[in-house]
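So you can see what is in the structure, the chains are spelled out below.
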Amino acid sequence: MFSSSINFEGNLSSFNTQEPQRAPIGIFDSGVGGLTVLRQLYQQLPHESIIYFGDTARLPYGIRSQAEILQYVREILEWMQKQGVKMVIMACNTSSALALEAVRTEYNIPILGLILPGAKAAVRLGKRVGVIATPATAKSNAYKQAIMEIATDVEVWQVGCPEFVPLIEQNRIHDPYTIQVASSYLEPLLEKEIDTLIYGCTHYPHLAPVLRSLLPEHIQLIDPAVHVVAACAQELDLLGLKNTHPPLPTRFAVSGCSQQFAQSSLQWLGCTPTVETVSFTNIEISHAKKD
Ligand code: DGL
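Residues numbered from 1 in each chain as written. Predicted model: local features only at pLDDT ≥ 70, side-chain atom pairs only at ≥ 80, totals over all residues. Heavy atoms only, no water.

## Regarding helix α8 (residues 142-150)
Among the residues of α8, those classed as buried are Ala142, Tyr143, Ala146 and Ile147. Taken down its axis, α8 places every buried residue within 125 degrees of arc, on the same side. (Buried < 20%, exposed > 50% of the residue type's maximum accessible area, 1.4 Å probe, protein only. Helix = DSSP H or I, 4+ residues; strand = E, 2+ residues; numbered from the N terminus. Arc of directions from axis to C-beta.)

This is the structure we're talking about:
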């Protein structure tokens, strides 16, 4: 189901002009985090063809500057555009927080981010909202601002969790150290007596069993992936872009080691995908500098 032996390059441009509904949705993240959004796409929009890009050569995004994130996001969007996608979901909160506003009008494709759908879902459920996110997303205040714009009576606390993404990428989910780190990140939020917690990074739903075991039962967990995909479905309807044909196999591409990504995504997808490697100019330059 996940292998991609089809030559997309030739097919997609013709889909895009003659049958735009059949063009794929592009989604991207720094690594395996976006697979939590991909799983939602499979559940909610099973007829859509999807291209997944993981910028694994430049992971983690959450400790990078806004200028770096903007540059990476532009490179990815240009590549996505060349693949003939009909819509892009930023399956990455850091990109959504730091780059979405700037790039949205630069491309001729609808681009969706996670922050607003996640914020809307949180205010429907809670009054005391905690957000766990990458340091860059927490520092940007994106969730706090989005929530305050919708509901001024909701309080928001954000915690940057720098250790989570490397631990998840190394598949150390049930490691006692991960549980200890998670407990220390949740502590300040539990002290504030939050009633709702947003996964402010798409990697974090992979930690669900650990986080759930540390949180009192009454605290509701919000996964913005569920809500951005619901927003995507609405947008496709509105634009008349929903695919009604059988989907193509998902195409996976990464900027780093394809084999490593294929191996680490096995446990989240239930099978080993075929993964291509894509190189952007500046990745080559930075490798050249190191050598
Ligand atoms: N999963 C991404 C996010 O939602 C990026 C995490 C990272 O690379 O630091 O922010």
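## A word on helix α2 (residues 35-44)
Those residues of α2 not exposed but buried are Leu35, Thr36, Val37, Leu38, Gln40 and Leu41. Those residues of α2 that are buried lie in contact with β1 (25-29), β2 (50-54), β3 (87-90), α12 (224-239), β9 (251-254) and α13 (258-269). (Contact = heavy atoms within 4.5 Å.)

## With respect to the pattern of salt bridges
Tallied over the entire structure, the rule returns 12 salt bridges. Of the charged contacts, one joins Lys86 and Glu48 as a salt bridge, the two residues approaching to 2.5 Å between their closest N and O atoms. Taken as a pair, Lys86 in the loop between α3 (66-82) and β3 and Glu48 in the loop between α2 and β2 lie far apart in primary sequence, 38 residues in all. For Glu48, a relative accessible area of 4% gives the class buried. The shortest N-O distance in the salt bridge between Glu68 and Arg64 comes to 3.3 Å. Put simply, Asp55, Arg58 and Glu75 are held in one network by salt bridges that share partners. (Salt bridge = Lys/Arg side-chain N within 4 Å of Asp/Glu carboxyl O.)

## Quick word on the site of the ligand
In the vicinity of the ligand, 13 residues are found, and the nearest of them are Ser30, Tyr61, Gly62, Asn93 and Thr94. A distance of 2.7 Å separates an oxygen atom of the ligand from a polar atom in the backbone of Tyr61. Interatomic distance of 2.8 Å between a backbone N/O atom of Gly62 and an oxygen atom of the ligand. When the ligand sits alone it has 300 Å² of accessible area, and the protein chains cover 99% of it. The residue inventory of the shell around the ligand, partitioned by class, reads 5 nonpolar, 7 polar and 1 charged. (Near = heavy atom within 4 Å. Polar contact = N/O pair within 3.5 Å; in protein donor to acceptor, adjacent residues only side chain to side chain. Areas by Shrake-Rupley, 256 points an atom, 1.4 Å probe, with all protein chains shown as cover. Nonpolar A, V, L, I, M, F, W, Y, C, P; charged D, E, K, R; others polar.)

## With respect to the confidence of the model for the protein
Looking at the protein as a whole, its pLDDT mean stands at 92, while 90% of the residues score no less than 70. When the criterion is pLDDT under 50, residues 1-12 qualifies, and its contacts beyond four places in sequence or with other chains add up to 28 contacts. (pLDDT = per-residue confidence, 0-100.)

## Quick notes on the layout of surface pockets
The rolling of a water-molecule-sized probe over the atoms marks out the regions of remaining empty space. Counted as a void, the largest pocket has a volume near 640 Å³. Among the secondary structure elements, those contributing two or more residues to the lining of the largest pocket are α4 (93-98), α5 (100-103), α6 (115-125), α8 and α12. Taken together, the residues of the lining of the largest pocket break down into 13 nonpolar, 5 polar and 6 charged. Per-element tally for the lining of the second largest pocket: the top contributor is α13, with 3 residues. Split into classes, the residues belonging to the lining of the second largest pocket amount to 3 nonpolar, 4 polar and 1 charged. (1 Å grid on protein atoms, 1.4 Å probe; cavity = no way out; pocket = protein on both sides within 12 Å on 5 of 7 lines; lining within 4 Å. Points joined across faces, edges and corners; volume = space filled by probe spheres on them.)

## As for the packing of aromatic side chains
Taken as a whole, this structure holds 8 aromatic pairs when the rule is applied. Measuring from centroid to centroid gives 5.7 Å for Tyr52 and Phe261, while their planes differ by 35 degrees, and the two rings are tilted. Separated by 209 residues along the polypeptide, Tyr52 in strand β2 and Phe261 in helix α13 bring together distant segments of the chain. Tyr52 sits in the buried class, given a relative accessible area of 0%. Under the relative-accessibility criterion, Phe261 is labelled buried at 2%. Look at Phe164 and Tyr185: their rings are 4.9 Å apart centre to centre, the planes differ by 90 degrees, and that puts the pair in the edge-to-face class. You can see Phe164 sitting in helix α9 (residues 164-169) and its partner Tyr185 sitting in helix α10 (residues 176-191), a full 21 residues away along the chain. Tyr185 gets classed as buried once you look at its relative accessible area, which sits at 10%. Chaining the aromatic ring pairs together yields one cluster made of Tyr52, Phe252 and Phe261. (Phe/Tyr/Trp six-rings, centres within 6.5 Å; stacked < 30°, edge-to-face > 60°.)

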